[in-house]
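Take a look at the letters that make up each chain.
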Amino acid sequence: MLEFPSSTLRLRTPEGIAFDLPLAGPMSRLLAWAVDALLIGVLCSLVGSLLALLGWVVRDLAAAVTLIAFFLIQFGYGILLEWRWRGQTLGKRLVRLRVVDATGHKLQFSQVVLRNLLRAVDILPGSYLVGGIACCLSPRAQRLGDFAANTVVVRIPKHTQPDLTQLFAGRYNSLRSRPHLCARLRQEVTPAEAAVALQALLRREQLDPAARTALFSELAERFRSRVPFPEDLTAGLSEEQYVRNVAEVITAGGKIQEP
Amino acid sequence: MILDLEQFLKSGRPLWTELESMVERMEENPRWRPTLPEATRLHYLYERTAADLGRLTTFACEPSTSRYLESLVARAHGEIHDRRNATDRFRPVREFFQNFPRAVRRHRRCLAGSLAATVAGVLFGVASLLLDPDSRYATMAYGHDAQTPSQRVQQEESRSGMGVAGAQAQFAGYLMTHNMRVSLTTMALGMTGGVGTVVSLFYNGVILGSIAADYVADGQAAFLAGWILPHGTVEIPAIVIAGQAGLLLGAALIGRGSREPLRHRLSAVRTDLLTLVTGVAGLLIWAGLVEGFFSQYHEPVLPYSLKITFGLLELVVLSLFLIRGGAGTDGPDANPIPPP
């Protein structure tokens, strides 16, 4: 299977904070381009039809304006939209892609123009072969125009604030009656283990019943081996409830709860 | 140590929401400028959110919150660290009349390289036609190999201007867009390290040289000068300047003699590339109009002397424009990047 080198672009802010931008792969870009190409075709045919009406009055001028309009639509579409829509054309909007500066800064006009003008070489010898190959080989999934303009195309998945509090809200947690054990638990469990438990709880509805049982059994066993709680506190708790209580103790602070 | 996620989310959420709404406002209206208190608040929120992301990454592995904060910090980072300034606004008239001649002069070594490639092509075209007349079928384009220059002159003079009568504007539009495509391709081929640009310029030169040699050898030099000069004195320099842009791009790519990283080299020439392309477009619009509405009229409608004088006058004006234009509006011309 062909493996594209694109994954993420890691940026580091002056404050020392690193974050990743997910790079768009060639196929999603191809899809966005197909939408844009279709739109350019539709625009050209609309403009052509309108100017054909003008041709009844001034035929020569209408033909000249048509030629120039086609040229401007072809080259200006990407430039205008990417500039006005901050790195997006209609195709990129639909596929949720955006052109950004490779250093994470705002796009400059010269970057937008250059990456669009260099389509002239990316499109060679036809069907964006040069650009496509460059995109597949480049570690940042850049076609030649992106390379010259120092831009990358990133995916913009919709990120909303996750609501984790609902996971633990209003539930009795018997483990909290032993604060010293809870403190030990928070010391012993690593962040990675806590994350696994949290993700297992968040995604539990998506799991196959057998897999769900097996996963929570394994997690419960692991946490029990780290810090054993008295049996009277865990009696009657299912493996999943046990993991949920442990996750709450680990990730939701040191509240003391009386039984 | 594991982060108290519940407390962390409770304390951070209002600030993240506030930052998100400010970033959305800036994204929706790029011209929005915050007041000092708003800017201070924005900076605080950004730093606080960035610090939250740092804490979350270090002390907890909660991917959905991390992704959300990463995306928010990335957006805010892009808005806050803005490298644009007032001069980044594109003003085509100023670009053409002030920045364009200066950009041409600033990269004169690339211009010399582009001119040399074109002249080499012209000489090759002349030599090939004189040494091997049959090469005209390979070196000539646009139907010039279909008839002899004398036949063409006779045909053109008999219908002077009638060949495009009623379609001058369409012809001019075709020439503008066609030449613009050729120029853009020549510039874009700079991404081959300038090799593609040189090949394109050389090929254009070969066509020009072989056609010129053909007409001169057939005793039609006056017709040729009267036909080519009115638009060619602007069109040919425009293509050469497009080649200059291509070589500039190639030079930045190769970076011979420069210790700057590739990204910086490309960034350094980006604005000049845009300026050169703007200038080329302006020149080609003029050349297209002249070729469509003036060059196609021959004797007896228009005397060749008039057309030649007009062409030479244009050449003088263009030369003066490129040599003196935009002078005094900026510091001394420099050539930071040598040609490949």
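Parameters at a glance
Residues numbered from 1 in each chain as written. Chains lettered and ligands numbered in written order. Predicted model: local features only at pLDDT ≥ 70, side-chain atom pairs only at ≥ 80, totals over all residues. Heavy atoms only, no water. Buried < 20%, exposed > 50% of the residue type's maximum accessible area, 1.4 Å probe, protein only. Helix = DSSP H or I, 4+ residues; strand = E, 2+ residues; numbered from the N terminus. Pairing = 2+ DSSP bridges. Contact = heavy atoms within 4.5 Å. Salt bridge = Lys/Arg side-chain N within 4 Å of Asp/Glu carboxyl O. Polar contact = N/O pair within 3.5 Å; in protein donor to acceptor, adjacent residues only side chain to side chain.

(A) Representation of the pairing of strand 1 (residues 8-12) of chain A. All names here are of chain A. Here strand 1 shows a buried face lined by Leu9 and Leu11 and an unburied face lined by Thr8, Arg10 and Arg12. Direction of pairing for strand 1 relative to strand 2 (residues 18-22): antiparallel, over a ladder of five bridges. Note that in strand 2 the partner of arginine 12 across the bridge is alanine 18. Where strand 1 folds back onto strand 2 in an antiparallel hairpin, the turn is made up of five residues, including glycine 16, whose phi is positive at roughly 85 degrees.

(B) Region of interest: the interface of chain A and chain B. Taken together, the 64 residues of chain A in the interface contact 68 residues of chain B. At the boundary of chain A with chain B, the tally comes to zero salt bridges. Remark: the boundary between chain A and chain B carries five residue pairs in polar contact (both at pLDDT 80 or more). Elements with a contribution of two residues or more to the side of chain A that touches chain B: strand 2, helix 2 (59-84), helix 4 (109-117), helix 5 (119-122), helix 7 (144-149), helix 10 (191-202) and helix 13 (239-251) of chain A.

(C) Fine view of the pattern of salt bridges. Residues and elements named next belong to chain A. Inspection of the entire model under this criterion finds 17 salt bridges over all chains. A salt bridge links arginine 222 to glutamate 193, with the nearest nitrogen and oxygen atoms 2.7 Å apart. With arginine 222 in helix 11 (residues 209-226) and glutamate 193 in helix 10, this residue pair connects regions lying 29 residues apart in the sequence. Residue classification places glutamate 193 among the buried residues on the basis of a relative accessible area of 9%. Glutamate 240 is paired through a salt bridge with arginine 212; the nearest N and O atoms lie 2.9 Å apart. One end of the pair, glutamate 240, is in helix 13; the other, arginine 212, is in helix 11, with 28 residues separating them in the sequence. Members of the salt-bridge network, linked through shared partners, are Arg29, Glu82, Lys92, Arg115, Arg119 and Asp146.

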